[in-house]
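What follows is each chain in one-letter form.
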Amino acid sequence: MTELDVRPSTPARPATGSLVEQFEYGLDAPICLTWELTYACNLSCVHCLSSSGRRDPRELTTGQCEAVIDELQRMQVFYVNVGGGEPTVREDFWHLLDYAVAHQVGVKFSTNGIRLTPDRAAVLARTDYVDVQVSLDGATAEVNDHVRGAGSYATAIRALDNLAEAGFEDAKVSVVVTRHNVGQLDAFKRIADDHGATLRLTRLRPSGRGADVWDELHPTAAQQRELYDWLVGAGENVLTGDPFFHLAGYGESPMPGLNLCGAGRVVCLIDPIGDVYACPFAIHDTFLAGNLLRDGGFGQVWRTSELFADLRSPQTSGACTRCQFFDSCRGGCMAAKFFTGLPLDGPDPECVRGFGETALAADDRAATIASRRPADDHSHRTAPAVRRPVPVQIGTRPGPSAPPVSACSESPLAGFTRD
Amino acid sequence: MLDEAWSLSSSVALRPEPFGALAYHFGTRRLTFLKAPGLVEVVRGLGAAPDVRDALTTAGIDTAEWPTYVAALRRLADTDMIAPRTGGSA
Ligand code: SF4
Ligand code: SF4
């Protein structure tokens, strides 16, 4: 936790102040909670942010999962993003889904579609408060299967067919934008439209196995421009953020996003064995707050973890303090800095002012990156194990004509500025 | 609005937070932050009050601030966070 010790001891929360200022001090419960139900997965996607593949024998039991849901209900965590691994490979997945919904915890789950049979699709179509995201990273089998594995395109399309036939409304086709699929945006849109679904584009992050392929797969600067132009043309029918809930702050203009790192403040991850991390993109001991089985439940960890107390203070910002964009950027994404070997109190690797690029170029970061490898890797042992430092290379960015978007933004255009 | 009867929408839940409360609409999945503790009290009191005027009075809101509060309530009404009570008291 040494990297985090740069923060001053937690000051008291101010009585008034903007919502973002209030968020800096944390909320009584998360508003953006991800729960990865299993590390088991039938696939071995090269960019998996949780390095999933093999089931962890310590995985929470059905009873333990129900207890977590009971607690989320008590804490009024109104919905949870469920993922994995492939969550539906858990035998009790559909039971847990029903259990959550019955306890006022809405569920948005991400799946590769493997268990979305016609029967399941029919049940889902009758269930309120459930949102389904089918992952697809290529609009053709060739492009998709290159990243997600042989047969995965057919599986996803079959799942979308089943949902559409069952009358499930507004499923999401969730695409991580990469260098290989950015030219297929129209085709993705057609696939979504044909299934009465909505296309959702997200950003590739250097987390989990994503660290190994980020350099090859993250869109080039020219492709970001292509994407930008395409999105402008597509209008409001394509999602680039979180579709499940909208933020609105009373007393200020609608917030474009969090505009601060929400980790441990409003964002949180529960992993398959009950470990609680500050953010789903930060699976590493440095960001491990505790374990809900050992440490008295999720609420107890959320309220009393030292790590979270540490994170719930105004971000210190080194070089960023004097930046004109600090108010809207606040130094960017903690996880991205961490896994690219940058200091946590400095600028983001994709800083719109180019400071990240300078930091990436100036430092010999290999040793730092190696020390920041997650200890726990659940990748299939047969999966192509590319294990080398993140060779980050960021294309030249246009000048900072506009402030960066929210640090937490899932938008594939996060950090992109049109000159 | 002052003379009308309103209440929290049936699909909305309020979660107390240090700065006020967070309102979540299960239908639209919209999350709204009520940043003023006074507003939280007014919203909570709507259902039991005969009208908005009474809810404001009960919450101890200074009459000078009523226009601000009514504007805030209208915004909450726009997103169905609060709803008019029809057909008598709820
Ligand atoms: S734009 Fe760059 S320098 Fe400015 S606050 Fe963000 S990361 Fe720091
Ligand atoms: S800014 Fe990065 S580390 Fe912080 S909550 Fe968002 S994704 Fe996680």
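Residues numbered from 1 in each chain as written. Chains lettered and ligands numbered in written order. Predicted model: local features only at pLDDT ≥ 70, side-chain atom pairs only at ≥ 80, totals over all residues. Heavy atoms only, no water.

J.: So what exactly am I meant to see when it comes to the confidence of the model for chain B here?
T.: Close reading of the predicted structure is inappropriate where its pLDDT is low. Residues and elements named next belong to chain B. For chain B, per-residue confidence averages 90 on the pLDDT scale, and 96% of positions sit at 70 or higher. Per-element confidence in chain B ranges from a low mean pLDDT of 86 for strand 4 (residues 30–34) to a high of 96 for helix 2 (residues 52–58). Interface predicted TM-score (ipTM) for the complex: 0.85; the corresponding pTM is 0.85. (pLDDT = per-residue confidence, 0-100. Helix = DSSP H or I, 4+ residues; strand = E, 2+ residues; numbered from the N terminus.)

J.: Is there a simple way to think about the sheet that holds strand 1 (residues 32–36) of chain A in this case?
T.: Each strand in a sheet pairs with its neighbour through backbone hydrogen bonds, running either in the same direction (parallel) or in the opposite one (antiparallel). Residue and element names in this part refer to chain A. Strand order in the open sheet formed by 10 strands is 7-6-5-4-3-2-1-9-10-11, with mixed pairing between adjacent strands. For this open sheet the edge positions go to strand 7 (238–239) and strand 11 (288–291), each flanked by a neighbour on one side alone. Where strand 3 (residues 106–111) and strand 4 (residues 130–135) come together, five bridges link them in parallel fashion. Note that in strand 4 the partner of Val107 across the bridge is Val130. This element, helix 9 (residues 221–234), spans strand 6 (198–202) and strand 7 of the sheet and lies at about 150° to strand 6. (Pairing = 2+ DSSP bridges. Contact = heavy atoms within 4.5 Å. Axes fitted to C-alpha atoms, helices over the stretch in contact; angles between N-to-C directions.)

J.: Explanation requested: the nonpolar core in the structure shown.
T.: The nonpolar side chains of a soluble globular protein tend to be buried with one another. In this structure, Phe109, Leu124, Leu201 and Phe298 of chain A are the most contacted members of the largest nonpolar core, which totals 97 residues. Broken down by element, this core gets its largest block of residues, seven residues, from helix 3 (residues 93–102) of chain A. Contacts of Leu124 of chain A, omitting those with residues within four sequence positions, involve Trp94, Leu97, Phe109, Leu116, Val130, Val132, Leu163 and Phe168 of chain A. In terms of nonpolar packing, the next biggest core, distinct from the first, is built from 26 residues, Val12, Leu46, Ala49 and Leu76 of chain B among them. (Core = buried A, V, L, I, M, F, W, Y, C linked by side-chain atoms within 4.5 Å. Buried < 20%, exposed > 50% of the residue type's maximum accessible area, 1.4 Å probe, protein only.)

J.: What should I look at first to understand the environment of Ala64 of chain B in this one?
T.: Along the chain, Ala64 of chain B falls in the loop between helix 2 and helix 3 (66–78). The spacing of Ala64 of chain B and Asp78 of chain B is 14 residues in sequence and 23 Å in space, taken between C-alpha atoms.

J.: For this particular structure, what's the right way to read the pattern of salt bridges?
T.: Residue and element names in this part refer to chain A. Across all of its chains, the model carries 11 salt bridges over all chains by this definition. For Arg90, the salt bridge identified is with Glu59, shortest N-O distance 3.6 Å. Within this pair, whereas Arg90 is found in the loop between strand 2 (79–83) and helix 3, its partner Glu59 is found in the loop between strand 1 and helix 2 (62–74), the two being separated by 31 residues in sequence. Each member of the pair, Arg90 together with Glu59, is buried. Through salt bridges with shared partners, a single ionic network connects Arg55, Glu59, Arg90 and Asp92. (Salt bridge = Lys/Arg side-chain N within 4 Å of Asp/Glu carboxyl O.)

J.: Any chance you could explain the packing of aromatic side chains here in plain terms?
T.: Describing an aromatic ring pair means giving the distance of the ring centres and the angle of the ring planes. For the structure on display, the rule yields 13 aromatic pairs over all chains. Here Phe19 of chain B and Phe33 of chain B contribute two aromatic rings whose centre-to-centre distance is 6.1 Å and whose plane-to-plane angle is 50°, an arrangement assigned as tilted. Highlighted residues: Phe19 of chain B in the loop between strand 2 (12–17) and strand 3 (20–25) and Phe33 of chain B in strand 4, separated in sequence by 14 residues. Feature note: the residues Phe78 and Tyr129 of chain A together with Tyr24 and Phe26 of chain B constitute an aromatic cluster, connected by ring pairs. Directly above the ring of Phe281 of chain A sits Arg205 of chain A, whose terminal nitrogen or CZ lies 4.4 Å from the centroid. Sitting over the ring of Trp302 of chain A, Arg312 of chain A keeps its end group 4.5 Å from the ring centre. (Phe/Tyr/Trp six-rings, centres within 6.5 Å; stacked < 30°, edge-to-face > 60°. Lys NZ or Arg CZ within 6 Å of the ring centre and 35° of its normal.)

J.: I tried to follow the packing of helix 4 (residues 118–125) of chain A against helix 6 (residues 152–166) of chain A on my own but got confused; where do I start?
T.: Working note: a packed helix pair is described by the angle between its axes plus the distance between those axes. All names here are of chain A. Interaxial distance between helix 4 and helix 6 falls to 8 Å at its minimum, and their mutual angle equals 50°. Our classification of the angle between helix 4 and helix 6 gives oblique. For the crossing formed where helix 4 meets helix 6, the hand is right-handed. Each of Pro118, Ala121, Ala122, Leu124 and Ala125 in helix 4 lies in contact with helix 6, whose residues at this interface are Asn162, Leu163 and Ala166. Class assignment of the residues belonging to the contact of helix 4 with helix 6 gives a composition of seven nonpolar, one polar and no charged. (Parallel < 35°, antiparallel > 145°, perpendicular 65-115°, else oblique. Left-handed = near helix turned anticlockwise from the far one by under 90°. Nonpolar A, V, L, I, M, F, W, Y, C, P; charged D, E, K, R; others polar.)

J.: Can you walk me through the state of the cysteines in this structure?
T.: Covalent bonding between the sulfur atoms of two cysteines defines a disulfide. Under the counting rule described, the total for this entry stands at zero disulfides over all chains. In this structure Cys65 of chain A is a free cysteine whose sulfur lies 15 Å from that of Cys268 of chain A, the closest cysteine sulfur available. (Disulfide = S-S within 2.5 Å.)

J.: Please clarify how the environment of Gly106 of chain A should be interpreted in this entry.
T.: All names here are of chain A. Tracing the backbone through its elements, the reader meets Gly106 in strand 3. Taking the relative accessible area as the measure of exposure, Gly106 reaches 4% and is therefore buried. Sequence-wise, Gly106 and Asp128 are 22 residues apart; in three dimensions their C-alpha atoms are separated by 8.2 Å. With sequence-adjacent residues up to four places away left out, Gly106 is seen in contact with Phe78, Tyr79, Val80 and Tyr129.

J.: I'm lost on helix 9 of chain A in this one. Help?
T.: For an α-helix, the turn length of 3.6 residues means that residues three or four places apart are oriented alike. All names here are of chain A. Taking 1.5 Å of rise per residue, 14 residues should cover 20 Å, and helix 9 covers 20 Å from first to last C-alpha, within 8% of that figure. Turning to helix 9, its buried residues number three or more, namely Gln223, Gln224, Leu227, Trp230, Leu231 and Ala234. Axial view of helix 9: buried residues confined to an arc of 125°, hence all on one face. Every exposed residue of helix 9 that faces more than 90 degrees away from the buried side is listed here: Ala222, Val232 and Gly233. (Expected span 1.5 Å × (residues − 1). Arc of directions from axis to C-beta.)

J.: Explain the pairing of strand 2 of chain A to me, please; I cannot follow it from the model alone.
T.: In regular strands, side chains alternate between the two faces of the sheet. Residue and element names in this part refer to chain A. Within strand 2, five of the five residues are buried, leaving the element largely enclosed by the surrounding structure. Side-chain alternation along strand 2 places Tyr79, Asn81 and Gly83 on one buried face and Val80 and Val82 on a second face that is also buried. The pairing of strand 1 with strand 2 spans four bridges and is classified as parallel. Along strand 2, the bridge assignment pairs Thr34 with Asn81. After leaving strand 1, the chain enters helix 2 and then returns to the sheet as strand 2, a path that is right-handed. In terms of handedness, the path from strand 2 via helix 3 over to strand 3 forms a crossover that is right-handed. (Right-handed = clockwise from strand over helix to strand, strands pointing away.)

J.: What is the right way to look at helix 7 (residues 185–194) of chain A in this model?
T.: All names here are of chain A. All of the buried residues in helix 7 are Leu185, Phe188, Lys189, Ile191 and Ala192. Angular distribution of buried residues about the axis of helix 7 spans 160°; they occupy a single face of the element. Turned more than 90 degrees away from the buried face of helix 7, the exposed residues are Asp186, Arg190 and Asp194. Elements that come into contact with the buried residues of helix 7 comprise helix 6, strand 5 (172–176), strand 6, helix 9 and strand 7. Directly after helix 7, the chain includes Gly196, whose backbone phi takes a positive value near 60°.

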